[in-house]
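Examination of the molecular architecture
Read off the chains here:
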Amino acid sequence: MTEITTEQAVKHLDYLLKANRAQERERKRDKKIADAESANREFYSRMLPKGYIAGLGRDYPHPRLAHLYKGDIDDPGLPMCKRGWNRDNGTSYSIWRNNYGRDGICTVCVKRAFKGLDGVKPKEYQDYEGMDPEEKDK
Ligand SMILES: [Zn+2]
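Below you will find a few notes about this structure.

Reading the values: rules and limits
Residues numbered from 1 in each chain as written. Predicted model: local features only at pLDDT ≥ 70, side-chain atom pairs only at ≥ 80, totals over all residues. Helix = DSSP H or I, 4+ residues; strand = E, 2+ residues; numbered from the N terminus. Buried ≥ 20, exposed ≤ 12 C-beta atoms within 10 Å, placed from the backbone. Contact = placed C-beta atoms within 7 Å. Pairing = 2+ DSSP bridges. Core = buried A, V, L, I, M, F, W, Y, C linked by C-beta atoms within 7 Å.

Below, the discussion takes up the overall build of the protein chain. Of regular secondary structure, the protein chain possesses 2 helices and 4 strands. Shown N-terminal to C-terminal, the secondary structure of the protein chain runs as helices and strands in the order α-β-β-β-β-α. In the protein chain, which comprises 138 residues, the proportion classed as buried is 24%. In the protein chain, once contacts between residues fewer than 6 apart in sequence are set aside, the share between residues at least 24 apart is 63%.

With that out of the way, let us pick up the sheet that holds strand β2 (residues 67–70). Strand order in this open sheet of 4 strands is β3-β2-β1-β4, and the pairing throughout is antiparallel. The sheet is open, and its two edges are formed by β3 (78–79) and β4 (95–97), each paired on a single side. Where β2 meets β3, 2 bridges bridge the pair, whose relative direction is antiparallel. For tyrosine 69, the partnering residue across the bridge sits in β3 and is proline 79.

This part covers the nonpolar core. In this structure, Leu68, Met80, Ile105 and Cys109 are the most contacted members of the largest nonpolar core, which totals 20 residues. Sorting the residues of this core by element identifies β1 (52–57), β2 and α2 (107–114) as the ones contributing at least two each. Once residues within four sequence positions are removed from consideration, isoleucine 105 is found in contact with Tyr44, Ala54, Leu65, Ala66, His67, Leu68, Tyr100 and Val110.

This is the structure in structure tokens:
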């Protein structure tokens, strides 16, 4: 066995310390995100109109915003804004049902749900019925 010099030991301990700090920062960040998602779940489950379900795009890292879908856990139905179509160039979606982003739910979706509107069709069929003109590009 080769002796480890003091210099090597110090260098390695320094490396471990930095790695631990990085891990701790990552753990705190993950906890912050989980806390925010949980607070949003609590908030939205009380204020959302019935008949809509939140969906978070199945991407990693998680998208910050969830979208609403007019449906339920078994059949989410149509998304409430075009960004809810998050796959295949706006023609399909893949979501974690009942999941809320760290920044909550897209305001276009929430506003439209409070107006009791239907979901939006896939890209090629969208007509933006009932949507404010300035929201068309969101
Ligand atoms: Zn949306």
